[in-house]
Protein chains: 2
Amino acid sequence: MNDQEQAPKRYLEIIQRANQIAATTQLDDLLDRLLDLIIEITQSEAGTLYLYDAATDELIFKVVKGSPAGEALLGRRLPANTGLAGYALQHRQPFFVNDVANDPRWNRTFGEMGSLDLRTMFCVPLLLRGEPVGVVQVFNGAFEAVDEQEELLLIDLLTSRLVTEIEKARLLEESQQRERRQHALVEIVSHLTTTLERDELLRRIMSYACELLEVEAASIWLIDHERNDLVLHIAGGENSERVESLRVPRGQGIIGHVIETGETVVVNDVQRDHRFYQGLDQRSGFQTRAILCVPLRSPQIILGGERGEVEGMIIGGSQALNPKHGRTFSNDDIVLFQTLASQAATVIRLAELYRETDSLFTRIIAAITGAIDLKDPYTRGHSQRVSDFSVAIAQELGLSREQIYQLRIASKLHDVGKIRVPDHILKKPGRLDEEEFAEMRRHPLYGIEFLRDNGLLELDLLRESWTALAQHHERLDGRGYPYGLKGEDISLFGRIVAVADVFDAITSHRPYRPPMPIDEALALLQRGAGTEFDPACVEALIRARAKGAILTQDEREQAIASQTME
Amino acid sequence: MNDQEQAPKRYLEIIQRANQIAATTQLDDLLDRLLDLIIEITQSEAGTLYLYDAATDELIFKVVKGSPAGEALLGRRLPANTGLAGYALQHRQPFFVNDVANDPRWNRTFGEMGSLDLRTMFCVPLLLRGEPVGVVQVFNGAFEAVDEQEELLLIDLLTSRLVTEIEKARLLEESQQRERRQHALVEIVSHLTTTLERDELLRRIMSYACELLEVEAASIWLIDHERNDLVLHIAGGENSERVESLRVPRGQGIIGHVIETGETVVVNDVQRDHRFYQGLDQRSGFQTRAILCVPLRSPQIILGGERGEVEGMIIGGSQALNPKHGRTFSNDDIVLFQTLASQAATVIRLAELYRETDSLFTRIIAAITGAIDLKDPYTRGHSQRVSDFSVAIAQELGLSREQIYQLRIASKLHDVGKIRVPDHILKKPGRLDEEEFAEMRRHPLYGIEFLRDNGLLELDLLRESWTALAQHHERLDGRGYPYGLKGEDISLFGRIVAVADVFDAITSHRPYRPPMPIDEALALLQRGAGTEFDPACVEALIRARAKGAILTQDEREQAIASQTME
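Only a predicted model underlies this, so the values are computations on that prediction, with no experimental measurement involved. (Residues numbered from 1 in each chain as written. Chains lettered and ligands numbered in written order. Predicted model: local features only at pLDDT ≥ 70, side-chain atom pairs only at ≥ 80, totals over all residues. Heavy atoms only, no water.)

1. As for the confidence of the model for chain A
Step number 1: With 94% of its residues at a pLDDT of 70 or more, chain A has an overall mean of 86.
Step number 2: Here the predicted complex carries an ipTM of 0.83, next to a pTM of 0.84. (pLDDT = per-residue confidence, 0-100.)

Below is the structure:
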């Protein structure tokens, strides 16, 4: 057969091979198989394939064939103007080299192909619409044996095909990578919102940042407005405990710059950035190479109610340090980290706002509790202790966390109605007359009125717990007040607080009698179990006492005194 | 030239053309140009290209060439076993038809090519690894003029190429679509978190759902535990106001099923689903065709503090109705909506938790305010009015929303120290003696102690506003109490509350005197401006009064009485 006859068949075969190769959508696989094909067509002994990274103007060593020694070079990056590959890229033309080893352009450092004796080279830049995508080099080919023009045409066909497929595989890989990261970000952002506990939140943000950006460490700094400085709240990496809670003045270092200006800063070589503050690395032993630093900017948040909106502000900044796998920070990294930081800032701010309101509420309740007990100087600390005892009983009874939370509030307020009982009755040293006694016994009703008049009964949080106020003087046998309810008609909260209330009353100091000894007090409760008290609640209190969860007024004050002594 | 000589050139040309076409990554463009090329190679007069949708086992009419009439068919779907295209797909073999018009397999409904006189057809199934991807049909080609085997080989080459490119373009398009949607979802999820105001939140969720899923309407249902039913909180689409706030029993309809079981339900033809509840459509006039219904499942949320965690639960469900552009709900739609719903549920729950705590706090403050005023029956409603007046003054002075919020709380508590002043002094009908008067003048100090003893001074929310308690009896000339501060040494909050306090004191009823007429009261404040009062605060009160924002005790009670009468 002559060449003319062979040609169509050969073309068809090669194109069918190319079609098969093109069917892969995996970039690495594609590059590997296409280099194989070009080596085969040109009857070369070895070959290399580089991809061009336009962002850094570098060539990345992606595939090497025919030289096991060359595989050590995989993944290495070199400036795009280096060696024969760089020459091909700059001139955007394929060319032959007849004596590689003696060519002055040959880069020995990166082009080292081990034991292979390099003679000729054919070098083809991969161009897409005139722009560089990569370079293919094949060595020691048999070009002299065939029609050079035909061969060049064929290789041009193949490489122009290759470049299209590389581009598509890259696009797909990048899109899938972004899709995976966006998907991960959605998961992260959703998961962040499930905690308003600040330390847990900061831990999660930091660990997500490391995972998402594939960096060696991350850190979070928050502004302390009171002391006007920046606090390192959490840092990853080894020895991070050495730098935790570190403070730096506002404006210092890259983080300071970012927090003051709200700008994102990316530094791929911190040693060259004068803003980089060395102190932290010195302290932790961590060696910072590259930093991506973004502001934590909380947006305006609509709270509704009396508070309305709270304004947006920068609350701190976050850093990602040292991308893994020799990468530098990409634009995608920056956008991703900014998005994560923005959501993190929102949730940190939400957590603060919730914490503020919750603390204010908790302390106001404590203040009311204190004020109730102040009305009668002899019941100092009573409401707080009744609350603690009630919670201990409820825990023994296995109530849910939510019920216990509600019981804790309600039991603190159990005597709130007493604020309506006049001082001259409440503080009367002697015996109350019948009218005074009747007034005194109205305090559970006054308590309910206190809740109702102020719209507190409508709230889900108090919807069941009001019974702690209303029913803590009821008795199982129906001889209690104010309603005379019997047995199970008395709510569980009412029965719990009744036991806690009596236990504290008899074990604390009163002007007219000393505290009852513990054993006697417990015996009294046990004797009343079934008539006055719910036996399950009495048993629960006794179990809790055995575990050390129930301390009387004296015991508690001694404990506090001995703590203060130490 | 003979065929043998032309062949390589022709192959190369065609393959170069194919390479150029393959460079596009846009699916539609790719299909269009590849059909053109096949028509050209086969010298056909017309052609069509279908893509196969494996999810529905349908062929979608994507490209038509050479028949303007056929363009009406674009986008139409037909069962994959229909006509010659279906035949090719089922047999997975290309074939010729010599007389299309009389072929029994020819589908006249969908294959209508208008005025074109159809004679021959060449039909090629597009297969990727043996699985159908689509079908190409070309009509009235010139196959008899060329070597049929060669031609088949060439077309096979091209179509096997085509199918790879179609697959890649599809993968890329799908990946980019998912990426866009994930990106949109991140934005949405982040934006949701910036409001804890429930109605605003529900509106946002619904509008995001419509946008993200490209549906005609969406709705949100929440469980009302108290009434044990489901409430339609917000619905999109026309006439949605007719169905808003509608209630249905738990378990009814598709939404009821989803909420009870926690399962996602997708129904692409609701008329065939017996669970579909027609009532809503009848009421709104909306015609539901397809439903995607997901549960709103809030996860466990860590709140920290005394409350700890709150358990996860299903709080309701959300529906997306009628995908636009004739689509049906895809798996991507389902996953996307589930993710959105999960985040929506989290934020709805957070908003509830914040609202609960905030309401409890607000009402407890109101309760304390009421209790303070109760101590002295003649100052009924005083603290609340002083708070309202202070807020009105602050608004006139242009204070920020956050400052006003803090002032509102602090001014309600301005007299809280009075709870430590004994009843016999506070309620004494006659003149106080010197000792009693001194005790009475200690109430600002007692107020600060109340805040400090209960850890309230440490809170950011009260960090500045405590001055409202401490300094509301100071005077600009230094003759006030308890500190005798002068001028600017008195905080703005102190100066505001001082004016509000005196104005309410003189315009309300006291046992020993009638309320001062308004004009006299304002004149008194103006006379005191500069010595006793901050002139700016006095002016602000006068401006607020002119706008109707300041109502005295009498005016307020009359307003309430007349409202009750109506």
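Back to the write-up after that little detour.
2. Notes on the sheet that holds strand β2 (residues 58-65) of chain A
Residue and element names in this part refer to chain A.
Step number 1: On the basis of which strands lie adjacent, the open sheet formed by 6 strands has the order β3-β2-β1-β6-β5-β4 and antiparallel pairing. Looking at the sheet topology across the chains shown, the edges are occupied by β3 (77-79) and β4 (95-97). Pairwise comparison of adjacent strand axes, ignoring direction, gives a mean angle of 25° for this sheet.
Step number 2: Both β2 and β3 contribute to a ladder of 3 bridges, which runs antiparallel. When the sheet's bridge partners are listed, L59 is paired in β3 with L78. (Pairing = 2+ DSSP bridges. Helix = DSSP H or I, 4+ residues; strand = E, 2+ residues; numbered from the N terminus. Axes fitted to C-alpha atoms, helices over the stretch in contact; angles between N-to-C directions.)

3. Focus: the relation of the copies chain B and chain A
In summary, the two copies of the chain are related to each other by a rotation about an axis coupled with a shift along it.
Step number 1: Of the two same-sequence chains, chain B is brought onto chain A (RMSD 0.3 Å, axial shift 0.1 Å) by a rotation of 180°. The relationship between the two copies is best expressed as a two-fold rotation axis.
Step number 2: In this assembly the copies share their binding face: 100% of the residues contributing to the interface of chain B also contribute to that of chain A. (Least-squares fit on C-alpha atoms with pLDDT ≥ 70 in both. Contact = heavy atoms within 4.5 Å.)

4. So, the domain arrangement of chain A
Step number 1: Examined at the domain level, chain A breaks down into domain 1 (3-175), domain 2 (193-350) and domain 3 (376-565).
Step number 2: Of note, the centres of domain 2 of chain A and domain 3 of chain A, computed from C-alpha atoms alone, are 48 Å apart. (Domains from an automatic or database assignment.)

5. Topic: the interface of chain B and chain A
Step number 1: Contacts between the two partners involve 97 residues from chain B, matched on the other side by 97 residues from chain A.
Step number 2: Between chain B and chain A the total buried area reaches about 8600 Å² when both faces are included, carbon and sulfur atoms providing 64% of it.
Step number 3: Our count for the contact surface shared by chain B and chain A stands at 14 salt bridges.
Step number 4: Across the contact surface, chain B and chain A share 30 residue pairs in polar contact (both at pLDDT 80 or more).
Step number 5: Its residues assigned to classes, the side of chain B that touches chain A shows 43 nonpolar, 27 polar and 27 charged. (Buried area = accessible area lost by both parts, 1.4 Å probe. Salt bridge = Lys/Arg side-chain N within 4 Å of Asp/Glu carboxyl O. Polar contact = N/O pair within 3.5 Å; in protein donor to acceptor, adjacent residues only side chain to side chain. Nonpolar A, V, L, I, M, F, W, Y, C, P; charged D, E, K, R; others polar.)

6. Considering helix α9 (residues 331-375) of chain B
Step number 1: With 45 residues, α9 of chain B extends 65 Å between its outermost C-alpha atoms, agreeing within 8% with the 66 Å of an ideal straight helix rising 1.5 Å per residue.
Step number 2: Most of α9 of chain B is tucked away, with 34 of its 45 residues classed as buried. (Expected span 1.5 Å × (residues − 1). Buried < 20%, exposed > 50% of the residue type's maximum accessible area, 1.4 Å probe, protein only.)

7. Section: the pattern of salt bridges
All names here are of chain B.
Step number 1: Under the criterion given, the structure shown has 81 salt bridges over all chains.
Step number 2: E216 is the salt-bridge partner of R289, the closest N and O atoms lying 3.6 Å from each other. Of the two residues, R289 sits in the loop between α8 (279-284) and β11 (291-298) while E216 sits in strand β7 (residues 215-224), which places them 73 residues apart along the sequence.
Step number 3: Given a relative accessible area of 37%, R289 falls into the partly exposed group.

8. Remarks on the packing of aromatic side chains
Step number 1: Enumeration according to the criterion identifies 8 aromatic pairs over all chains in this entry.
Step number 2: Arranged with centres 4.7 Å apart and planes meeting at 25°, the rings of F96 of chain B and F122 of chain B form a pair that is stacked. Taken as a pair, F96 of chain B in strand β4 (residues 95-97) and F122 of chain B in strand β5 (residues 121-128) lie far apart in primary sequence, 26 residues in all.
Step number 3: Look at F96 of chain B and you get partly exposed, because its relative accessible area is 31%.
Step number 4: Take F122 of chain B: its relative accessible area is 1%, and that puts it in the buried class.
Step number 5: Between the NZ or CZ atom of R105 of chain A and the centre of the ring of Y87 of chain A, over which it lies, the distance is 4.3 Å. (Phe/Tyr/Trp six-rings, centres within 6.5 Å; stacked < 30°, edge-to-face > 60°. Lys NZ or Arg CZ within 6 Å of the ring centre and 35° of its normal.)

9. A short note on the nonpolar core
Step number 1: Grouped together as the largest cluster of nonpolar side chains are 98 residues, with contacts concentrated most on I364, L456 and F503 of chain A together with I364, L456 and F503 of chain B.
Step number 2: Listed in part, the 86 residues of the second largest apolar core include I188 and V215 of chain A together with I234 and Y354 of chain B. (Core = buried A, V, L, I, M, F, W, Y, C linked by side-chain atoms within 4.5 Å.)

10. Thoughts on the pairing of strand β7 (residues 215-224) of chain A
Residue and element names in this part refer to chain A.
Step number 1: Within β7, 9 of the 10 residues are buried, leaving the element largely enclosed by the surrounding structure.
Step number 2: As paired strands, β7 and strand β14 (residues 313-323) are joined by 7 bridges and run antiparallel to one another. Its bridge partner lying in β14, A218 is registered against A320.
Step number 3: For β7 and strand β8 (residues 229-235), the ladder comprises 6 bridges, and the chain directions are antiparallel. Looking at β8, one finds that L222 is bridged to V231.

11. Comments concerning the layout of surface pockets
All names here are of chain B.
Step number 1: What the largest pocket holds in volume is close to 1600 Å³.
Step number 2: Forming the walls of the largest pocket are 37 residues, and the residues nearest its centre are D53, I60, R77, E174 and R327.
Step number 3: Going through the elements one at a time, α2 (27-41), β1 (46-53), β2 (58-65), β6 (131-139), α5 (148-192) and α9 are the ones with two or more residues in the lining of the largest pocket.
Step number 4: For the lining of the largest pocket, the two domains that each supply at least three residues are domain 1 (3-174) and domain 2 (193-348). (1 Å grid on protein atoms, 1.4 Å probe; cavity = no way out; pocket = protein on both sides within 12 Å on 5 of 7 lines; lining within 4 Å. Points joined across faces, edges and corners; volume = space filled by probe spheres on them.)

12. Notes on the sheet that holds β1 of chain B
Residue and element names in this part refer to chain B.
Step number 1: Judged by pairing direction, the sheet is antiparallel, and its 6 strands sit side by side in the order β3-β2-β1-β6-β5-β4 without closing on themselves. Across the chains shown, the open sheet's two edge strands, defined by having one partner strand only, are β3 (77-79) and β4. Strand-to-strand twist across the sheet, computed as the mean angle between neighbouring axes with direction ignored, equals 25°.
Step number 2: Its contacts with the sheet put α2 on β1, β2 and β6, and the angle it makes with β2 is roughly 65°.
Step number 3: Relative to β6, helix α3 (residues 83-91) is tilted by about 135°, and along the sheet it contacts β1, β2, β4, β5 and β6.

13. Some remarks on the packing of helix α17 (residues 518-528) of chain B against helix α18 (residues 535-546) of chain B
All names here are of chain B.
Step number 1: Viewed as axis vectors pointing N to C, α17 and α18 meet at an angle of 155°, and their least axial separation amounts to 9 Å. Taken together, the axes of α17 and α18 are roughly antiparallel relative to one another. When you trace α17 past α18, the crossing you get is left-handed. Facing α17, whose interface residues are I518, L522, L525 and Q526, α18 presents V538, E539, L541, I542 and R545.
Step number 2: Broken down by class, the residue content of the contact of α17 with α18 amounts to 6 nonpolar, 1 polar and 2 charged. (Parallel < 35°, antiparallel > 145°, perpendicular 65-115°, else oblique. Left-handed = near helix turned anticlockwise from the far one by under 90°.)

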